[in-house]
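Here is what each chain is made of, one letter per residue.
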Amino acid sequence: QVQLVESGGGLVQAGGSLRLSCAASGSSASINAMTWYRQPPGKQRELVARISSAGSTTYADSVKGRFTISNDKLQNTVYLQMNALKPEDTAVYYCNALSTLSSGSIGNSWGQGTQVIVSS
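Summary of the structure given here. (Residues numbered from 1 in each chain as written. Predicted model: local features only at pLDDT ≥ 70, side-chain atom pairs only at ≥ 80, totals over all residues. Heavy atoms only, no water.)

1. Considerations on the overall build of the chain
So the rule is basically this: Helix and strand definitions here come from DSSP, where helices need a minimum of 4 consecutive H or I residues and strands a minimum of 2 consecutive E residues; each element is numbered from the N-terminal end. The buried label applies to any residue whose accessible area, calculated with a 1.4 Å probe on protein chains only, is under 20% of its type's maximum; exposed applies above 50%, and partly exposed to all values in between. By definition in these notes, contact holds between two residues if any of their heavy atoms fall within 4.5 Å. To measure how exposed things are, a 1.4 Å probe is used in the Shrake-Rupley method; for residues, cover is taken only from the protein chains shown. A positive count includes Lys and Arg, and a negative count includes Asp and Glu. His and the chain ends are not counted in either. Charged side chains are reduced to one point each, which is NZ for Lys, CZ for Arg, CG for Asp and CD for Glu.
The number of helices and strands found in the chain is zero helices and eleven strands. Secondary structure elements of the chain, listed N to C terminal, follow the sequence β-β-β-β-β-β-β-β-β-β-β. Burial status across the chain gives 42% buried among its 120 residues. Considering only contacts within the chain whose residues lie at least 6 apart along the sequence, 54% involve residues at least 24 apart. For the chain, the computed accessible surface area is about 6,200 Å², with 49% contributed by carbon and sulfur atoms. Within the chain, the 6 negative side-chain charges are centred at a point lying 2 Å from the centre of the 9 positive side-chain charges.

Written out as structure tokens, the structure is:
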């Protein structure tokens, strides 16, 4: 399985920026895609941004033009650069990895989450 560790959350004023990191480990798996999700207080978890192993990206409409997902394959780390933050971006942000395990089965791994709070 793939283990994921997120970092970079915190408290920021509206209009500010944060960069989240998600470090992946688990050499027996091949990662197919990594995704950032978020769960605002009292709401369901939602997709924020995804990057495939080929480098193609997908964004939620609410973050297009403000957030950028990228990866460093050498470091096995995916980043989420968040600019022009709004109070509605306040949430716990989770990293997810879809992978193909050495057995051929599909792995679905989650990080522990990192809190982002945007004050108005």
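2. Some remarks on the layout of surface pockets
Quick note on the threshold: Cavity: a set of points on a 1 Å grid over the protein atoms alone where a 1.4 Å probe fits but cannot get out. Pocket: an open set with protein on both sides within 12 Å along at least five of seven lines, its lining residues, like those of a cavity, having an atom within 4 Å of a point. Grid points are joined across faces, edges and corners, and a volume is the space filled by probe spheres set on the points. Throughout, the ten residues Ala, Val, Leu, Ile, Met, Phe, Trp, Tyr, Cys and Pro are labelled nonpolar, Asp, Glu, Lys and Arg are labelled charged, and all others, Gly among them, are labelled polar.
As a volume, the largest pocket reaches approximately 280 Å³. Ala24, Ile31, Met34, Lys73 and Asn76 are, among the 20 residues lining the largest pocket, the residues nearest its centre. Going through the elements one at a time, strand S3 (18–25), strand S4 (30–39), strand S5 (46–52), strand S7 (67–72) and strand S8 (77–82) are the ones with two or more residues in the lining of the largest pocket. Broken down by element, the lining of the largest pocket gets its largest block of residues, five residues, from S4. Tallied by class, residues from the lining of the largest pocket come to eight nonpolar, ten polar and two charged.

3. Considerations on the environment of Gln112
Here Gln112 is to be found in the loop between strand S10 (106–110) and strand S11 (114–119). Given the relative accessible area of 48%, Gln112 is considered partly exposed. Distance in space between the C-alpha atoms of Gln112 and Tyr94 is 6.7 Å, their sequence separation being 18 residues. Apart from residues no more than four positions distant in its own chain, Gln112 is found in contact with Leu4, Val5, Glu6 and Tyr94.

4. Considering the state of the cysteines
Convention followed: In this description, a disulfide is simply a cysteine sulfur pair whose atoms lie within 2.5 Å.
Scanning the entire structure with this criterion turns up one disulfide. For Cys22, the disulfide goes to Cys95, at an S-S distance of 2.1 Å. An S-S torsion of about -85 degrees defines the bridge between Cys22 and Cys95 as left-handed. Of this pair, Cys22 sits in strand S3 while Cys95 sits in strand S9 (residues 91–100), and the two are 73 residues apart along the sequence. Among the residues examined, Cys22 registers a relative accessible area of 0% and is labelled buried.

5. A look at the nonpolar core
Applicable threshold: Each nonpolar core is a collection of buried residues, namely Ala, Val, Leu, Ile, Met, Phe, Trp, Tyr and Cys, held together in the definition by side-chain atoms within 4.5 Å.
Met34, Trp36, Leu80, Met82 and Tyr93 are the most contacted members of the largest nonpolar core, which totals 28 residues. When residues of this core are traced back to their parent elements, those giving at least two are S3, S4, S5, S7, S8, S9 and S11. With residues near it in sequence (within four places) discarded, Met34 still touches Leu4, Cys22, Ala24, Ala49, Arg50, Ile51, Ile69, Val78, Cys95, Asn96 and Ala97.

6. Considering the sheet that holds S7
Formally: Two strands are said to pair when DSSP picks up at least two bridges between them. Inter-axis angles, ranging from 0 to 180 degrees, are taken between N-to-C directions of lines fitted to C-alpha atoms, where helices are fitted over the stretch in contact.
Taken together, the four strands give an open sheet; going across it, the order is S1-S3-S8-S7, and neighbouring strands pair in antiparallel fashion. Looking at which strands have only one partner, the edges of the open sheet turn out to be strand S1 (3–7) and S7. Direction aside, neighbouring strands of the sheet carry axes that sit 15 degrees apart on average.

Keep in mind these values describe shape, not function.
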